[in-house]
Amino acid sequence: MASEPVSSSVAETPSEMDKHIVRVLRQRVGKDERAAKQHDWYTASILALRDEVIEKWIDSTRRTYDSRGKRVYYLSMEFLIGRLLRDALSNMGMTREFEAALKAHGLDLAALEELEPDAALGNGGLGRLAACFMESLATLDIPAYGYGIRYVNGMFRQRIDDGWQVELPETWLAHGNPWEFERLESTYRIGFGGEVVAEGDGVFWHPAEQVEATAIDTPVVGWRGKRVNTLRLWTASPLDPIKLDAFNAGDHFGALAEQVRADSLVRVLYPADSSPAGQELRLRQEYFFTAASIQDIVRRHVQYLGDIRTLPDQAAIQLNDTHPSVAVAELMRLLVDENGLEFNEAWDICRRTVSYTNHTLLPEALESWPLPLFERLLPRHMQIIYAINSRVLREARKAGCSDAEIAAISLIDENGERRVRMANLAFVGAHSVNGVAALHTELMKKTVFADLHKLYPDRINNKTNGVTPRRWLQQCNPGLTQVIRDAIGDAFLDDAEKLADLNAHAADRQFGERVWAVKRANKVALSDYIKKTMGLRLDPDALFDVQIKRIHEYKRQLLNLIETVALYDQIRSHPERDWVPRVKIFAGKAAPSYHNAKLVIKLANDIARRVNADPSVGGLLKVVFIPNYNVSLGERIFPAADLSEQISTAGMEASGTGNMKFALNGALTVGTLDGANVEIKDHVGDDNIVIFGLTADEVAAKRAGG
């Protein structure tokens, strides 16, 4: 009898991780196990995991400094990172350990993961690509910093009222963010306006107003935890948070004006720029985060390596789209004004350090700013841009460019309202300009950058976008991951190219049945989620036909909706036919001021209401628009999709990454020959993709023909 309690206590001995989580719960959350609520355990779990991550983070940073390794600096307006708990646990190889530790307290890790809000730091493919790059850089053991803005409310949380999109603030920071570290020592003053004066041999900018940018760091864990890199986001604060004299005089709102101006810089992603005030805020935002980032990069280099001239050997600055293009002028300002370099030497250093990723062929999406606004807000940068422009135009004249070509190359658009062309600034200030899919890169050379390409024929190159298989297969589709592991082993977890070994199992009936069983389970899970959140009952045995992406005219959600109506009409007219039951699934946000895109959302919801209420097609067709599409919702939808709709007007989609996530999770692509669909087709073969519609060349010919 005496031995029983001993064996019982041995069986219940808490693991080291269990003890650590409880210690964190008590000492840092301030609760004991009895009083702790789910959110307390969630916070304690992240903080306990963070302790493990920090050791790797410090080790990674030390290794970089000790080896004097070159760093990648990735500047992006968006980082759509999604939830981090499951991602970090998986990459650190600690999921089972945490599951067991939490289970001892009657807690379910998966339920705690659901408590984490999606970080409201991005919107679409541009931001998701940036997040995938950050994870991939760490996985490849490449030292890197991501630089962006810590948006308090992101773009918006989407609600659907009577079919219409309603925009609400995304309050993802309401309960704090346990992943963050504030770095008060990395604070920089960012100026706006004022005047430029010559003093002695130098030129100095005296801004009329200044705000402080303070760094907030988040660790980014690579696969198997071999490196942890840093996502550094900037938050803004005024030099004086309150004007006491105004406050005491009774002007309580006016006294806080500087606080409000600073807050507005980091409040919203892509503030509407249809008004002059909106345009100014966007330019302020872009300069704010870019200037803080460039100052941080230069400060770090000079502090540890001394000679600013070696910057290109130690730093690779990558501009993700045109939003951070002002980095070219800011880096030149620091090199010339602050470090005393001669202009031509500074220009050589700048070009060898900076690279630029282009994401669009739409001329209206290549940012440009009214020249008076730019000159008023950034007077010194305007002078530098004029100086760069004169050098570039001299090169063009020497190369024999025509007047029309020189006008297209110029950093200043002289047609109508004079504007500063940010894409041209990024192009001339970089040594490498990449497109994001083979087709997109070739079209760049022929369309938006044709004249710049003629002047600098070796500058444009291709880097087809990608997605991280850690998040988009291993974590969001564990069932399929296990089936693949059983079939071909674990090598694909470290090298996605090894997925090609599955070709040997294509005709294996048993393997096919296991894949189908996983797909059905994923469809059941998505159906349950839609029933719970939207009250709509779906048949998991129906074909799930999915188009999820930003709502945009060129992405052709309207075409898909017309096809839906045609299908509805055919089913009602010919009920005797052997129809395959189908669920049409849509999701995505429309920019707040994009009227036509919002009408598409309204139409989708009106069609859904009509179709779903019609008993004559009840079991054969359902239409659903899932609100507030984000990373976590994508992690539910991609594994459940049977058909992937990728139907953009050919030549308009830069690459697409949703197409890759669908394909990775076993959905059949139905699409146009556009973006990365071209390369997916090359990889999977013509029999495993359904291509229709005009090619990019045919679209261009049709346009030319009116």
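See the structure printed just above.
Treat the numbers as computed from the prediction; the structure is a model and nothing was measured.

Undergrad: Can you lay out the overall build of the protein for me, pointing to particular residues and giving the numbers?
TA: Secondary structure assignment for the protein yields 28 helices and 22 strands. Relative to its length of 706 residues, the protein is compact, with a C-alpha radius of gyration of 27 Å against a globular reference of 27 Å. Counting the 706 residues in the protein, one finds 54% classified as buried. For the protein, restricting intrachain contacts to residue pairs at least 6 apart in sequence, the fraction spanning at least 24 positions comes to 72%. With the model as given, the accessible surface of the protein reaches about 30,900 Å², and the carbon-plus-sulfur share is 52%. Mean positive and mean negative side-chain charge positions of the protein (84 and 96 charges, respectively) differ by 1 Å.

Undergrad: How would you sum up the pairing of strand S21 (residues 668–671)? Please name residues and give values.
TA: For strand S20 (residues 643–646) and S21, the ladder comprises 4 bridges, and the chain directions are parallel. If you follow Ser 644 over to S21, its bridge partner there is Thr 669. Assessed by its sense of winding, the connection that carries the chain from S20 through helix H26 (residues 658–664) to S21 is right-handed. Note that the unit made of S21, helix H27 (residues 677–684) and strand S22 (residues 689–691) has a crossover that is right-handed.

Undergrad: Lay out unusual backbone geometry with the relevant residues and their values.
TA: A positive phi angle, near 55°, is found at Tyr 270, a position not held by glycine. Look at Tyr 270 and you get buried, because its relative accessible area is 16%. In this structure, Arg 556 takes a positive phi of about 65° despite not being glycine. Looking at where Arg 556 falls in the secondary structure, it is placed in the loop between strand S17 (543–548) and helix H23 (557–573).

Undergrad: Can you tell me about the nonpolar core, naming the residues and giving the values?
TA: Within soluble globular proteins, side chains that are nonpolar generally end up buried alongside one another. By size, the foremost hydrophobic cluster in this structure holds 141 residues, and its most contacted members are Leu 49, Leu 75, Ile 190, Phe 288, Phe 374 and Ile 388. Once residues within four sequence positions are removed from consideration, Leu 75 is found in contact with Tyr 147, Phe 289, Thr 290, Ser 293, Ile 294, Ile 297, Ile 317, Gln 318, Leu 319, Asn 320, Pro 324 and Ala 327. Core analysis: the next-biggest nonpolar cluster, separate from the first, contains 31 residues, Leu 526, Leu 538, Val 546 and Val 631 among them.

Undergrad: How would you explain the sheet that holds S21 if you had to name every residue and give the values?
TA: Strand order in the open sheet formed by 6 strands is S19-S18-S17-S20-S21-S22, with parallel pairing between adjacent strands. The outermost strands of the open sheet, each flanked by one partner alone, are strand S19 (621–626) and S22. For this sheet, the mean angle separating the axes of adjacent strands, direction not counted, is 20°. Helix-sheet contacts for helix H22 (residues 509–534) involve S17, strand S18 (582–587) and S19, and the interaxial angle to S19 is about 70°.

Undergrad: Quick rundown of the packing of aromatic side chains? Include the residues and the values.
TA: Taken as a whole and assessed by the stated rule, the structure comprises 16 aromatic pairs. A ring pair is formed by Trp 205 and Tyr 287, whose centres lie 6.3 Å apart and whose planes are at 65°; its orientation type is edge-to-face. With Trp 205 in strand S7 (residues 202–206) and Tyr 287 in helix H10 (residues 276–305), this pair connects stretches of sequence that are 82 residues apart. Pair check on accessibility: Trp 205 and Tyr 287 agree, each one buried. Members of the aromatic cluster, joined through ring pairs, are Tyr 73, Tyr 145, Tyr 147, Tyr 188 and Trp 234. Geometry around Tyr 65 places Arg 71 over its ring, the cationic atom sitting 4.7 Å from the centre.

Undergrad: Outline the side chain of Lys 523, listing residues and values.
TA: Relative to the assigned elements, Lys 523 resides in helix H22. With a relative accessible area of 6%, Lys 523 lands in the buried category. A distance of 2.6 Å separates the side chain of Lys 523 from the backbone oxygen of Ala 542, its partner in a polar contact. Reaching out from Lys 523, the side chain makes a polar contact with the side chain of Asp 642 at a distance of 2.7 Å. With near-sequence residues (within four places) excluded, Lys 523 lies in contact with Pro 540, Asp 541, Ala 542, Leu 543, Phe 544, Ala 640 and Asp 642.

Undergrad: Could you give me a rundown of H22, with the residues and numbers involved?
TA: In this model, H22 (26 residues) spans 36 Å end to end at C-alpha, consistent with the 38 Å of a helix rising 1.5 Å per residue. Listing the buried residues of H22 in full gives Phe 511, Val 518, Lys 519, Asn 522, Lys 523, Leu 526, Ser 527 and Ile 530. At its buried positions, H22 is contacted by helix H21 (478–488), S17, S18, S19 and helix H25 (631–637).

Undergrad: So, empty space enclosed by the protein: which residues are in play, and what are the values?
TA: One pass over the full model with this rule turns up 6 cavities of 30 Å³ or more. Each pocket or cavity is described by its volume, and for the largest cavity that value is around 180 Å³. Contributing to the lining of the largest cavity are 16 residues, with Ile 81, Leu 84, Asp 87, Val 220 and Val 221 lying nearest its centre. Counting only elements with at least two residues in the lining of the largest cavity, the list comes to helix H4 (85–92), helix H7 (125–139) and strand S8 (209–221).

Undergrad: Hey, could you go over the environment of Asp 541 for me, with residue numbers and the actual values?
TA: Turning to its location among the elements, Asp 541 is positioned in the loop between H22 and S17. A sequence separation of 342 residues divides Asp 541 from Glu 199, and the C-alpha atoms of the two residues are 76 Å apart. For Asp 541, the residues in contact, after removing those within four places along its chain, are Trp 516, Arg 520 and Lys 523. Of the polar contacts made by the side chain of Asp 541, one reaches the side chain of Arg 520; its length is 2.7 Å.

Undergrad: Would you mind going over a nonpolar patch on the surface in detail, with residue names and values included?
TA: On the surface, a cluster of nonpolar side chains totalling about 410 Å² of accessible area is made up of Ile 242, Leu 244, Phe 247, Leu 256 and Val 260. Structurally, Leu 244 can be placed in helix H8 (residues 244–248).

Undergrad: Talk me through the pattern of salt bridges; I want residue IDs and the actual numbers.
TA: Within the structure shown, the criterion is met by 57 salt bridges. Here Arg 183 and Asp 217 are joined by a salt bridge, their closest N and O atoms 3.1 Å apart. With a gap of 34 residues between them, Arg 183 in strand S5 (residues 181–192) and Asp 217 in strand S8 connect regions that are remote in the sequence. Arg 183 sits in the partly exposed class, given a relative accessible area of 23%. Close ionic contact of Arg 224 with Asp 494 constitutes a salt bridge, the shortest N to O distance being 2.8 Å. Linking Arg 224 in the loop between S8 and strand S9 (228–238) with Asp 494 in the loop between H21 and H22, this pair joins segments that are 270 residues apart in sequence. Overall, Asp 494 belongs to the partly exposed group, its relative accessible area being 47%.

Cut-off values and rules
Residues numbered from 1 in each chain as written. Predicted model: local features only at pLDDT ≥ 70, side-chain atom pairs only at ≥ 80, totals over all residues. Heavy atoms only, no water. Helix = DSSP H or I, 4+ residues; strand = E, 2+ residues; numbered from the N terminus. Rg over C-alpha atoms; globule rule 2.2 N^0.38 Å. Buried < 20%, exposed > 50% of the residue type's maximum accessible area, 1.4 Å probe, protein only. Contact = heavy atoms within 4.5 Å. Areas by Shrake-Rupley, 256 points an atom, 1.4 Å probe, with all protein chains shown as cover. Lys, Arg positive; Asp, Glu negative; His and termini not counted. Charge placed at Lys NZ, Arg CZ, Asp CG, Glu CD. Pairing = 2+ DSSP bridges. Right-handed = clockwise from strand over helix to strand, strands pointing away. Core = buried A, V, L, I, M, F, W, Y, C linked by side-chain atoms within 4.5 Å. Axes fitted to C-alpha atoms, helices over the stretch in contact; angles between N-to-C directions. Phe/Tyr/Trp six-rings, centres within 6.5 Å; stacked < 30°, edge-to-face > 60°. Lys NZ or Arg CZ within 6 Å of the ring centre and 35° of its normal. Polar contact = N/O pair within 3.5 Å; in protein donor to acceptor, adjacent residues only side chain to side chain. Expected span 1.5 Å × (residues − 1). 1 Å grid on protein atoms, 1.4 Å probe; cavity = no way out; pocket = protein on both sides within 12 Å on 5 of 7 lines; lining within 4 Å. Points joined across faces, edges and corners; volume = space filled by probe spheres on them. Patch = residues over 30% accessible without salt bridge, like charges linked within 9 Å, V, L, I, M, F, W, Y side chains within 5 Å. Salt bridge = Lys/Arg side-chain N within 4 Å of Asp/Glu carboxyl O.

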